[in-house]
Amino acid sequence: QVQLVESGGGLVQPGGSLRLSCAASGSIFSIRAMGWYRQGPGKQRELVATITSGGSTNYADSLKGRFPISRDNAKNPVYLQMKSLKTDDTAVYYCHADVTVGGSLRRRAYWGQGTQVTVSS
């Protein structure tokens, strides 16, 4: 199977920065894309940013420029650099991966367990 492990969440003051990272491991033939979604209190889960194996990125319009996504190579890991954080950015941030599974070569989507980001003074 495939596991996604997130790190980097925590408590930060408004205007501060955090970097989230996500590493995938397990039976992976290839990773088509990885990304981040978030779910704030009382809200639905929403897209933050994604990046493909070729390096193409996609962002939520409201976050473009403030939360750049990057990765070291075509497989792992993926980073989300969060800047100028606002209280509205408080949410659980989930890593997502679109994977071709080793062996079966089936395409599967996986989610991490989530990491809490709290922006508060």
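**What to know about the sheet that holds strand β8 (residues 78-82)**
Okay, step 1: Strand order in the open sheet formed by 4 strands is β1-β3-β8-β7, and the pairing between neighbours is antiparallel. This sheet does not close on itself; its edge strands, each paired only once, are β1 (2-7) and β7 (69-71). Pairs of neighbouring strands in the sheet enclose a mean axial angle of 20°, with direction left out of account.
Okay, step 2: Bridge analysis of β1 against strand β3 (residues 18-26) gives 6 bridges, and the strand direction is antiparallel. Of the residues in β3, the one forming a bridge with Val2 is Gly26.

**As for the pairing of strand β4 (residues 28-39)**
Looking down a regular strand, the side chains alternate between one sheet face and the other.
Okay, step 1: As defined by bridge partners, β4 adjoins strand β9 (residues 91-101) across 10 bridges and the pair is classed as antiparallel. Within the sheet, the bridge partner assigned to Trp36 lies in β9 and is Cys95.
Okay, step 2: Two strands pair when backbone bridges link them, and β4 and strand β5 (residues 46-52) are joined in this way by 6 bridges, in the antiparallel orientation. Bridge assignment links Trp36 to a residue of β5, and that residue is Ala49.
Okay, step 3: In textbook terms, the turn of a hairpin is the stretch between consecutive antiparallel strands, and for β4 and β5 this stretch comprises 6 residues, one of which, Gly42, has a positive phi near 70°.

**Concerning the packing of aromatic side chains**
Okay, step 1: Following the criterion strictly, the structure yields 1 aromatic pair and no others.
Okay, step 2: Ring geometry for Tyr37 and Trp111: centres 5.1 Å apart, planes at 70°, overall edge-to-face. With Tyr37 in strand β4 and Trp111 in strand β10 (residues 107-111), the pair connects residues that are 74 residues apart, well separated along the chain.
Okay, step 3: If you follow Arg19 out to its NZ or CZ, it ends over the ring of Tyr79, 4.1 Å from the centre.

So, how was this worked out
- Residues numbered from 1 in each chain as written.
- Predicted model: local features only at pLDDT ≥ 70, side-chain atom pairs only at ≥ 80, totals over all residues.
- Heavy atoms only, no water.
- Pairing = 2+ DSSP bridges.
- Helix = DSSP H or I, 4+ residues; strand = E, 2+ residues; numbered from the N terminus.
- Axes fitted to C-alpha atoms, helices over the stretch in contact; angles between N-to-C directions.
- Phe/Tyr/Trp six-rings, centres within 6.5 Å; stacked < 30°, edge-to-face > 60°.
- Lys NZ or Arg CZ within 6 Å of the ring centre and 35° of its normal.

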